[in-house]
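# Per-entry structural report
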Amino acid sequence: MLTLAKLFGKSPFAPLQTHMDKVASCIGELPALFEALMSQNMQAIQKTCETISKLEHEADLTKNDIRNHLPKSLFLPVDRGALLEILSLQDALADQAEKIAYHAAMRKLFFLPEMKSDFSLLCTKSIDAFILARKVIQELEELLESSFGGIEAQKVKAMVEQIAFCEYETNLVQNQLLKRFYQDADAMPHPAFHLCLTLIEEISNLACLSEKLGNRVRMLLELK
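Note that the coordinates shown come from a computational prediction; the quantities given were computed from them, not determined experimentally.

Calculation rules
Residues numbered from 1 in each chain as written. Predicted model: local features only at pLDDT ≥ 70, side-chain atom pairs only at ≥ 80, totals over all residues. Heavy atoms only, no water. Helix = DSSP H or I, 4+ residues; strand = E, 2+ residues; numbered from the N terminus. Buried < 20%, exposed > 50% of the residue type's maximum accessible area, 1.4 Å probe, protein only. Phe/Tyr/Trp six-rings, centres within 6.5 Å; stacked < 30°, edge-to-face > 60°.

We now examine unusual backbone geometry. Even without being glycine, Gln40 reaches a positive phi, approximately 60 degrees. Mapped onto the fold, Gln40 is located in the loop between α3 (30-38) and α4 (42-69). Judged by its relative accessible area of 31%, Gln40 falls in the partly exposed class.

Next up, the structure:
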């Protein structure tokens, strides 16, 4: 991965975007995981879990390579600490995907029919928030070329607002699902009930982390 070191000579954001591509590979496996979870296909869940774990490890290797080659004394157009914070948030998203996968693989879960629609919507909304956050990271080169101002800055700010709204919608779905979940709690064994609660929270955290990433990029605009 020595090519990452060369990328810093062109832009401090190119390595971040390379890492984000690795993170997106992890999260890109989640729809298959959720589908297998809903159909109680433990074999498919385990296989997808192993795939996500492998991809998360690759993202970690890229993250470490970036940290090792990030200039400490050379001029950078943005603060070194800000780059590391963005990298850390991206890493947290890959970690979150792996955490969700590990929980999904712990035991077979039973979802009552009336819960499936809300659960599916929660999964979709949380991934939508990530997709928006990734688009913000993909705009960093254009932000650099525009000196973090003008139309491009306004575009990114609008995108960050979209992430925030998506996170808000995710929270609404989460609360709706939890309400229904607690109403039907007596129909579920305690271990399954606890694991489902954990999964709901971990899936929702994808949207929360995506919003944090978007807000951190927006801080770059406010400081310029």
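Having seen the structure, we can now continue with the description.
Turning our eyes to something else, we now look at the packing of aromatic side chains. Per the stated rule, a full pass over the model turns up 4 aromatic pairs. Seen in terms of ring centroids, Phe165 and Tyr168 are 5.9 Å apart; in terms of plane orientation they differ by 35 degrees. Their pairing is tilted. In this pair, Phe165 and Tyr168 are both assigned in helix α8 (residues 150-183), 3 residues apart and thus about one turn of the helix distant. By relative accessible area, which is 48% here, Phe165 ends up partly exposed. Ring geometry for Phe181 versus Phe193: centroids 5.0 Å apart, planes at 10 degrees, classification stacked. Taken together, the residues Phe181 in helix α8 and Phe193 in helix α9 (residues 190-223) connect sequence positions 12 residues apart. Here a set of aromatic residues connected by ring pairs shows up, and it is made of Phe181, Tyr182 and Phe193.

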